[in-house]
Amino acid sequence: MEQLRNRQVKNFLTITMLSAGMPMMLMGDEARRTQRGNNNAYCQDNETSWVDWTLLKKHADVRRFVTLLNVRRVLREVEPERQRVSLNQLLRGANLVWHGVKLGQPDWGESSHSIAFTVEIRREGLLFHVIVNAYWEPLAFELPRVDRAGENPWRRWIDTALDSPHDILPWEKVESVPGYAYRAEPRSVVMLFAGV
């Protein structure tokens with residue numbers, strides 16, 4: 001149960017920290033400090049609002065995960081935020097392709113439990129492929145082919161289903177993905193990248 005809870009926290013943190021705009025996090029989120037769901041604890045001088053510093057040691061893997069997300073986040077391009085570009089405008093200007101388990105076939109249905117997308121970050125010369133599997137079973141997602149002299153260019157940066165320290169890797173130590181399909185475990189987020 002603890003492992004599943006850590007995966008849920010890492011899924012939330014991945015989506016939050018890599019989204020456009022300002023991430024909305026509270027002090028202690030990186031150590032699973034929840035305030036027991038109370039988002040109005042500012043006026044309480046009790047265990048609800050106190051920071052339990054032992055959580056940093058207890059959930060060191062989650063803190064490590066957030067630290068590596070932050071390392072990459074501070075390097076990203078922030079010009080769209082300076083220009084006050086809306087998310088809608090940002091998406092329209094992006095080279096973004098939606099997928100399901102099959103390339104180019106996203107399932108927008110009410111009962112869908114998975115989605116994937118590929119986005120090109122032109123200034124960095126990178127393609128990102130993000131897989132979100134909210135289903136209770138593993139799913140095999142097709143990966144887009146990228147023209148690279150016969151080699152598979154996809155590298156795994158994040159897979160929240162993997163145990164620490166393999167759930168997120170330092171950017172310079174990412175691992176190659178074999179083949180053109182990736183098995184996403186239940187209730188996980190996967191982020192792959194390739195140079196273009």
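Residues numbered from 1 in each chain as written. Predicted model: local features only at pLDDT ≥ 70, side-chain atom pairs only at ≥ 80, totals over all residues. Heavy atoms only, no water.

Colleague: An account of the packing of aromatic side chains is requested, with residue identities and associated values reported.
Modeller: Considering all chains together, one arrives at 7 aromatic pairs under this definition. Measuring from centroid to centroid gives 5.3 Å for tryptophan 98 and tryptophan 108, while their planes differ by 70 degrees, and the two rings are edge-to-face. Here the residue tryptophan 98 occupies a position in strand β1 (residues 95–99), and tryptophan 108 occupies one in the loop between β1 and β2 (114–121), the gap between them amounting to 10 residues. Between phenylalanine 128 and phenylalanine 193 the ring centres are 6.3 Å apart and the planes differ by 50 degrees, which places this aromatic pair in the tilted class. Placement of phenylalanine 128 in strand β3 (residues 126–133) and of phenylalanine 193 in strand β8 (residues 188–195) is noted, with a sequence separation of 65 residues between them. Each member of the pair phenylalanine 128 and phenylalanine 193 is classed as buried. Taken together through their ring pairs, the aromatic side chains of Phe128, Trp157, Trp171 and Phe193 make up a single cluster. (Phe/Tyr/Trp six-rings, centres within 6.5 Å; stacked < 30°, edge-to-face > 60°. Helix = DSSP H or I, 4+ residues; strand = E, 2+ residues; numbered from the N terminus. Buried < 20%, exposed > 50% of the residue type's maximum accessible area, 1.4 Å probe, protein only.)

Colleague: Quick rundown of the sheet that holds β2? Include the residues and the values.
Modeller: Across a sheet, paired strands are connected by hydrogen bonds in the backbone, their directions being either parallel or antiparallel. Taken in spatial order, the 6 strands of this open sheet run β1-β2-β3-β8-β5-β6, and their pairing is antiparallel. One side of each edge strand has no neighbouring strand; the edge strands of this open sheet are β1 and β6 (175–176). Note that β1 and β2 share 5 bridges and pair antiparallel. Bridging across to β2, tryptophan 98 finds its partner in phenylalanine 117. (Pairing = 2+ DSSP bridges.)

Colleague: Residues and numbers for the pattern of salt bridges, please.
Modeller: Tallying each qualifying case throughout the model produces 4 salt bridges. Measuring nitrogen to oxygen at the nearest pair gives 3.5 Å for the salt bridge that ties glutamate 142 to lysine 102. Here lysine 102 lies in the loop between β1 and β2 and glutamate 142 lies in strand β4 (residues 139–142), a separation of 40 residues in the sequence. As a salt-bridge pair, glutamate 185 and arginine 183 come within 2.7 Å of each other at their nearest N and O atoms. A relative accessible area of 25% means that glutamate 185 is categorised as partly exposed. (Salt bridge = Lys/Arg side-chain N within 4 Å of Asp/Glu carboxyl O.)

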